Amino acid sequence: MIGIGLTELVALLAAFFSGGGLLGLPLSVPPLPPDAVIARAAPDACLLHLEAAGVAAPDAAAAHPMERMLADDEIRAFLAAAAREIVSVARQSLPLPPEAEDAALILLEAALTRPMALSVERFAPPRAPGAPPAVAATFVLRTGDGEEAIRRALAGLLGPLPPGLARQVPLGASRGQRLETPFGPLTWGFTDGSLLVTVGEGARESLLERIGDEGRETPEWKSDLERRLPVARRSTLLHVDAGALLELLAATMPDARGTRAMFTATGIAGLRSLDAVSGLSDDAFAAEVRLGFEGAPRGSFAPPESGIEARHLARVPADAVRVQSWTLDGKQWLATAMRILEAAGPQGAAPLRGALAQVRAVAGIDLEDDLLGALGPDWTMYDLPAGGGLMP
């Protein structure tokens, strides 16, 4: 199915680029060429959409330095060892029979190394206590030459279904399985080189219509994301409708009004979208995140008076192997924390105010002015070849 090189690559990306996390998901390096089916899988509107290009075999003669690094024998040996450790930990943590464990790991590796798209089109809170939420979600995995192994793994993981539990339904040029669940119909199957999985009313029909329309235009939100966050060879793309997600979160809280007040105090109430991409630029790996606001960002997200400039990096030794530089106004954050606590209740900020007053009385230090004000808003840390960790 998929060679050990791809498994090794998953290990590298999980360990070496863990700082990217879910925002940009730095997987799929080096990326496969763009896949037309994955591109068409993006809905016109959604709560969440995630794409990964899939992993190409690294070329030792490639012009890109990172691709050459990934093809190095020592790097691949390291990745093989790391992959074995990850698989060992996964086996110990998965409460599955050995056969099902093997199947689950094959499917996970395929999802991390093949082109894929995951979308959540709808998610509505339960209408009554004990009722399930309303969901519409889709998943597309391009199987390539590993389809037969993926088929066997999926069958091994699901096991034989009791007669009558699932029924066959049309799935593009072939047929898939449909199983009724509290969240709506769950369908899965293989068609035209893809594994399709959908859940929710209308999700299967909507996905088939999208990926079957070769002339389909790119959704407006995705065109805007690609324009704002360009990358030469894209590995991953993430879009979150943050405004809808925040409203959904507030609606599920016992005190929806208080939750919205806290959102306003933090400034997150103005957040409308969270977009991220990762991939290879001309000579490096790049990951970028964009927060889209309605109006000017406020509260915790208010822009600093001055951002990172060349003078901040001039203090970094030339042989530093890692550098982190950011702007953090401690006094502003303390004021924001006060507003958040006050939004939680009339006396919400009283404990913090009391603690600050006690420090002033006992130590004679005003944390706000003497410490946070003296430190200033500009922070730079670096790591030298000699080791010892990050130094301010």
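A few points on the structure.

The rules behind these values
- Residues numbered from 1 in each chain as written.
- Predicted model: local features only at pLDDT ≥ 70, side-chain atom pairs only at ≥ 80, totals over all residues.
- Heavy atoms only, no water.
- Helix = DSSP H or I, 4+ residues; strand = E, 2+ residues; numbered from the N terminus.
- Buried < 20%, exposed > 50% of the residue type's maximum accessible area, 1.4 Å probe, protein only.
- Areas by Shrake-Rupley, 256 points an atom, 1.4 Å probe, with all protein chains shown as cover.
- Lys, Arg positive; Asp, Glu negative; His and termini not counted.
- Charge placed at Lys NZ, Arg CZ, Asp CG, Glu CD.
- Polar contact = N/O pair within 3.5 Å; in protein donor to acceptor, adjacent residues only side chain to side chain.
- Contact = heavy atoms within 4.5 Å.
- Salt bridge = Lys/Arg side-chain N within 4 Å of Asp/Glu carboxyl O.
- Phe/Tyr/Trp six-rings, centres within 6.5 Å; stacked < 30°, edge-to-face > 60°.

1. Notes on the overall build of the protein chain
Piece 1. If you tally the helices and strands in the protein chain, you get 14 helices and twelve strands.
Piece 2. Taking the principal axes of the C-alpha coordinates as reference, the protein chain spans close to 75 × 60 × 45 Å.
Piece 3. Across the 392 residues that make up the protein chain, the buried fraction comes to 38%.
Piece 4. Carbon and sulfur atoms provide 60% of the accessible area of the protein chain, an area that totals close to 21,300 Å².
Piece 5. Of the charged side chains in the protein chain, 34 are positive and 48 negative, and the gap between their average positions amounts to 5 Å.

2. With respect to the side chain of Thr-198
Piece 1. Along the chain, Thr-198 turns up in strand S7 (residues 194-199).
Piece 2. Given the relative accessible area of 4%, Thr-198 is considered buried.
Piece 3. Looking at Thr-198, its side chain comes within polar contact range of the side chain of Thr-187, at 2.4 Å.
Piece 4. Excluding residues within four positions of it along the chain, Thr-198 makes contact with Ala-137, Thr-138, Pro-185, Leu-186, Thr-187, Ala-203, Arg-204 and Leu-207.

3. Here we look at the pattern of salt bridges
Piece 1. Applying the stated rule across the entire model yields 17 salt bridges.
Piece 2. One salt bridge in this structure joins Glu-51 and Arg-234, with 3.7 Å as the shortest N-O distance. Linking Glu-51 in strand S1 (residues 48-52) with Arg-234 in strand S8 (residues 233-240), this pair joins segments that are 183 residues apart in sequence.
Piece 3. Judged by relative accessible area, Glu-51 falls into the buried class, the value being 6%.

4. Side note on the packing of aromatic side chains
Piece 1. In this structure the tally under the stated criterion is two aromatic pairs.
Piece 2. Taking 5.3 Å as the distance between ring centres and 50° as the angle between the ring planes, the aromatic pair formed by Phe-293 and Phe-301 counts as tilted.
Piece 3. Geometrically, the ring pair formed by Trp-326 and Trp-379 is stacked, given 6.4 Å between the ring centres and 0° between the ring planes. Placement of Trp-326 in strand S11 (residues 322-327) and of Trp-379 in strand S12 (residues 378-383) is noted, with a sequence separation of 53 residues between them.

5. Examining the environment of Ser-28
Piece 1. Relative to the helices and strands, Ser-28 resides in the loop between helix H1 (4-16) and helix H2 (36-40).
Piece 2. Here the alpha-carbon distance between Ser-28 and Ser-306, two residues 278 residues apart in the chain, equals 35 Å.
Piece 3. At 2.9 Å, the side chain of Ser-28 and the backbone nitrogen of Gly-54 are in polar contact.

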